[in-house]
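# A structural walkthrough
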Amino acid sequence: MRGTRLELRSDSLRHNARRARQLSGGASVFAMVKANGYGHGLVFVAQSLIEDVDGFGVAVLEEAKALRAAGIGAPIMLLEGVFDADELITAAALGCELIVHSEWQLELLESTPLAERVSVWLKLDTGMHRLGLPLAELDAVVSRLQCCPAVSLVGMASHFACADMLGDSMSEAQLQKVRYAAARYEVPYSAANSAAIFRYPHSVGRRVRPGIMLYGSSPFADRSAASLGLQVTQRLSAKIIAINQVPSGDAVGYGGDWRAQRDSRIAVVAIGYGDGYPRHAPSGTALAVKNVDGAWRSATLAGRVSMDMITIDVTDLPLTQVGDEVELWGDQVSVDDVAQSCGTISYELFCRLTGRPEREFL
Ligand SMILES: *Cc1c(COP(=O)(O)O)cnc(C)c1O
């Protein structure tokens, strides 16, 4: 066995969902499970959280279909709505709630006869300028929705652009706009992502939409997940398959990017970008090695990430031998720290995992 493993933890997902609920003051909690449950496995996450959340959010209809096929009957919110009339008919048949973010989606609702009623959340552009209808069109859009016989307008939705940022000066204005729209039509609103759940308790509205916090990662660059009361939900590990003595001055790996400053011991680990370990992880990125004495010790990446392997500097870890386990992220090494080293966010590391690491669902 190659020994490249992704351990996924149901208990920790549940703990983090309960944390979201505890912070959300009675709002309903919809777990965002798009992109294969942030790489954790869509159905695994949904089944893990079924008793702890009120519904699920997905980005594409295929994800909703997969949930229904797995027997998940909980409410599902389609975060970008539907993409065409066929999808609309299927979404209605599956009992999905739709976001309506654009004029063309409104036209779809007007022109597609439906056998079932659909619940619609109107997505408003409150300042992020990504998805959403401008507030100036609110009245016109609502009256058109009210004329669609199969449509129930159930709420106003919006998304914060900067809730995770230090010195955020935008969320408050965004919140006021979505609240205004909700009050005008006496419907609930939904705006809060993970960052807002922690930072803006007054923004929770009727429904919160936690994503990253469920997966044990911090939405904030300056706060650790542990300090936010979150538990690690996935652990990526692999085995050492070779150890090389590299004389001072010699280079290691593609491009000879890393050069030994002293006589070094370099271990080869069976994981690479073909498994989803980021190719742009620079030399010096943290990882941990479990030696024969059972102790975890810190080591660092040395040289470029290959498709199936990485090379790490274990010169200061004399006990290290072939077969030792290496943790890429998880309990010893925070995924947020790895992401920071790579100039990205944990979301991307999670989503880019491939099918190759062996999954162990706990
Ligand atoms: C993904 C997503 C979220 C969750 O965001 P996190 O930062 O992961 O908590 C919330 N709302 C919408 C519309 C989303 O697409």
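Remember, it's a predicted structure, so these values are computed and weren't measured experimentally.

Here we take up the overall build of the chain. In terms of helices and strands, the chain carries 11 helices and 19 strands. For the chain, the spread of C-alpha atoms along the principal axes amounts to about 75 × 45 × 35 Å. Contacts in the chain between residues at least 24 apart in sequence constitute 66% of all its contacts with a sequence separation of at least 6. For the chain, the computed accessible surface area is about 15200 Å², with 51% contributed by carbon and sulfur atoms. Computed over 34 positive and 41 negative side-chain charges, the separation of the two mean positions in the chain equals 3 Å.

Turning next to the domain arrangement of the chain. Per the domain assignment, the segments of the chain are domain 1 (10-218) and domain 2 (234-361). If you look at the interface, domain 1 gives nine residues, while domain 2 gives 10 residues. At the boundary of domain 1 with domain 2, total buried surface from both sides reaches about 810 Å², with 64% on carbon and sulfur atoms. Among the residues of domain 1 in contact with domain 2, Y38, H40 and I212 are the three that bury the most area, contributing 44% of the side total.

Our focus in this paragraph is the site of the ligand. The immediate surroundings of the ligand are formed by 13 residues, with K34, Y38, S194, I212 and Y347 found nearest. In the model, an oxygen atom of the ligand is placed 2.8 Å from a nitrogen or oxygen of the I212 main chain. Contact between the ligand and Y347: an oxygen atom at 2.6 Å from a side-chain N or O atom of the residue. Burial of the ligand by the protein amounts to 90% of the accessible area it has alone, namely 390 Å². Counted by class, the shell around the ligand contains six nonpolar, four polar and three charged residues.

Below, the discussion takes up the nonpolar core. Core analysis: the largest hydrophobic core is formed by 111 residues, its most contacted members being L122, M156 and I312. Looking at this core, you find at least three residues from each of domain 1 (10-218) and domain 2 (234-361). Listed in part, the six residues of the second largest apolar core include V246, A260, I266 and A302.

In this section: the packing of aromatic side chains. The tally for this structure, following the rule as stated, stands at five aromatic pairs. Each ring, one from F44 and one from F361, has its centre 4.7 Å from the other, and the planes form 45°; the classification is tilted. Taken together, the positions of F44 in helix α3 (residues 42-49) and F361 in strand β19 (residues 358-361) put the pair 317 residues apart, joining distant regions of the chain. Looking at F44, the relative accessible area reads 14%, which means it is buried. Owing to a relative accessible area of 46%, F361 belongs among the partly exposed residues under this scheme. Every member of this aromatic cluster is reached through a ring pair, and the members are Y38, Y215 and Y347. The lysine or arginine in question, R207, covers the ring of F30, its NZ or CZ lying 3.5 Å from the ring centre.

Looking now at the pairing of strand β11 (residues 234-246). Sheet topology note: the strand β1 (residues 5-8)/β11 ladder contains four bridges and is antiparallel. From the neighbouring strand, L8 faces β11, where its bridge partner is Q234. With four bridges connecting them, β11 and strand β18 (residues 325-329) associate as antiparallel partners. Its bridge partner lying in β18, L236 is registered against W329. With six bridges connecting them, β11 and strand β14 (residues 264-269) associate as antiparallel partners. The residue bridging N244 from the neighbouring strand is I266, located in β14.

Let's shift gears to the environment of I76. Inspection of the secondary structure puts I76 in strand β4 (residues 76-78). Sequence spacing of I76 and A64 is 12 residues, and the spatial spacing of their C-alpha atoms is 6.9 Å. If we ignore the near neighbours within four places in the chain, the residues touching I76 are F56, V58, A64, L67, R68, C96 and E97.

Conventions adopted
Residues numbered from 1 in each chain as written. Predicted model: local features only at pLDDT ≥ 70, side-chain atom pairs only at ≥ 80, totals over all residues. Heavy atoms only, no water. Helix = DSSP H or I, 4+ residues; strand = E, 2+ residues; numbered from the N terminus. Contact = heavy atoms within 4.5 Å. Areas by Shrake-Rupley, 256 points an atom, 1.4 Å probe, with all protein chains shown as cover. Lys, Arg positive; Asp, Glu negative; His and termini not counted. Charge placed at Lys NZ, Arg CZ, Asp CG, Glu CD. Domains from an automatic or database assignment. Buried area = accessible area lost by both parts, 1.4 Å probe. Near = heavy atom within 4 Å. Polar contact = N/O pair within 3.5 Å; in protein donor to acceptor, adjacent residues only side chain to side chain. Nonpolar A, V, L, I, M, F, W, Y, C, P; charged D, E, K, R; others polar. Core = buried A, V, L, I, M, F, W, Y, C linked by side-chain atoms within 4.5 Å. Buried < 20%, exposed > 50% of the residue type's maximum accessible area, 1.4 Å probe, protein only. Phe/Tyr/Trp six-rings, centres within 6.5 Å; stacked < 30°, edge-to-face > 60°. Lys NZ or Arg CZ within 6 Å of the ring centre and 35° of its normal. Pairing = 2+ DSSP bridges.

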